[in-house]
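These are the residues of each chain, in order.
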Amino acid sequence: MSISSKALFSGVFILIGIAFSSSSLADPSSDRIQTLNRQRLIETNRCQGCNLQNTDLNGLKLIGADLNKANLQGANLRSVDLRGANLQDANLTYADLSYADLRLANFGQANLQGANLSNTHLLEASFRQSNLQESNLTDTYAEGYVDPFTSVRQFVDLEGANLLKANLTNAKLEFANFEKANLSEANLVDADLENASLVNTNLQNAKLCNTTLQDGAINNQNCR
């Protein structure tokens, strides 16, 4: 076989290899499974351990939904009603949860790294030991309170959560539980943490400017 024939022969195999590689990247069966999982969730309000990666769930009412251990990486959950939903151990990395109603939802030990939770309602939601590293919590609302008649305290629970480099600008988190949480290098500009529990909370290098701390005092140590 001549050199030119060998080169042409090799080139054909390379092109075939590229074609197979491209087809494997775009897996129609995976898309079909995610579509079926989305429909299952809508119809049954349950999809434990489901693959819903990058799925569009924008604006759905999923009150009390069971999404335990579901893969929601990169999913569009904007304006979704997830009140009382179970998302324990779920993968929500880089998911868009902006403007969602997350009251009473359970995100215990969930991975929300890089997720967008801006403008969400978080009262009585649980993020115990969840990963919120570099997540966006700007303008979140969870102003807790103590019932004057029963003394029952209502708050967002972030005990043991990892909020390294998270953005909490203008977050309203009165009475929030940050015990043993990591808020190092977090942006707390204009945040309201009055009456919050900050026992053993790591605030190293956190940005404080017009930040209301647990005693009601305004901290401006990082204003420029």
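Please refer to the structure placed before this passage.
Note that the structure is a prediction, hence the values are computed from the model and not measured.

The subject of this paragraph is the state of the cysteines. Scanning all chains against the criterion turns up two disulfides. The disulfide that involves C47 links it to C50, with 1.9 Å between the sulfurs. Between C47 and C50, the S-S dihedral sits near -85°, and the bridge is therefore left-handed. Note on C50: relative accessible area 4%, which makes it buried. A sulfur-sulfur separation of 1.9 Å characterises the disulfide bridge that pairs C209 with C223. With the S-S dihedral at roughly 110°, the linkage between C209 and C223 falls on the right-handed side. Linking C209 in the loop between β2 (153-154) and β3 (211-212) with C223 in the segment after β4 (218-219), this pair joins segments that are 14 residues apart in sequence. By relative accessible area, C209 is classed as buried at 16%. On the basis of relative accessible area, C223 is assigned to the partly exposed category, the value being 33%. What connects to what in the chain, once the bonded cysteines are numbered by sequence position, is 1-2, 3-4.

Residues that lie three or four places apart on an α-helix share one face, since the helix turns once every 3.6 residues. The terminal C-alpha atoms of helix α2 (residues 28-44), which comprises 17 residues, lie 24 Å apart, in line with the 24 Å expected from a rise of 1.5 Å per residue. Among all positions in α2, only Q34, N37 and L41 are buried. Take α2 and look down its axis: the buried residues cluster within an arc of 60°, on one side only. α2 presents P28, R32, T35 and E43 as exposed residues on the side facing more than 90 degrees away from its buried surface.

If you check the backbone angles, Q109 has positive phi at about 60° while not being a glycine. For Q109, the position within the fold is in the loop between α2 and β1 (145-146). With a phi close to 70°, F175 is a non-glycine residue in the positive phi region. With respect to the element layout, F175 can be found in the loop between β2 and β3. Take F175: its relative accessible area is 15%, and that puts it in the buried class.

The rules behind the values
- Residues numbered from 1 in each chain as written.
- Predicted model: local features only at pLDDT ≥ 70, side-chain atom pairs only at ≥ 80, totals over all residues.
- Heavy atoms only, no water.
- Disulfide = S-S within 2.5 Å.
- Buried < 20%, exposed > 50% of the residue type's maximum accessible area, 1.4 Å probe, protein only.
- Helix = DSSP H or I, 4+ residues; strand = E, 2+ residues; numbered from the N terminus.
- Expected span 1.5 Å × (residues − 1).
- Arc of directions from axis to C-beta.

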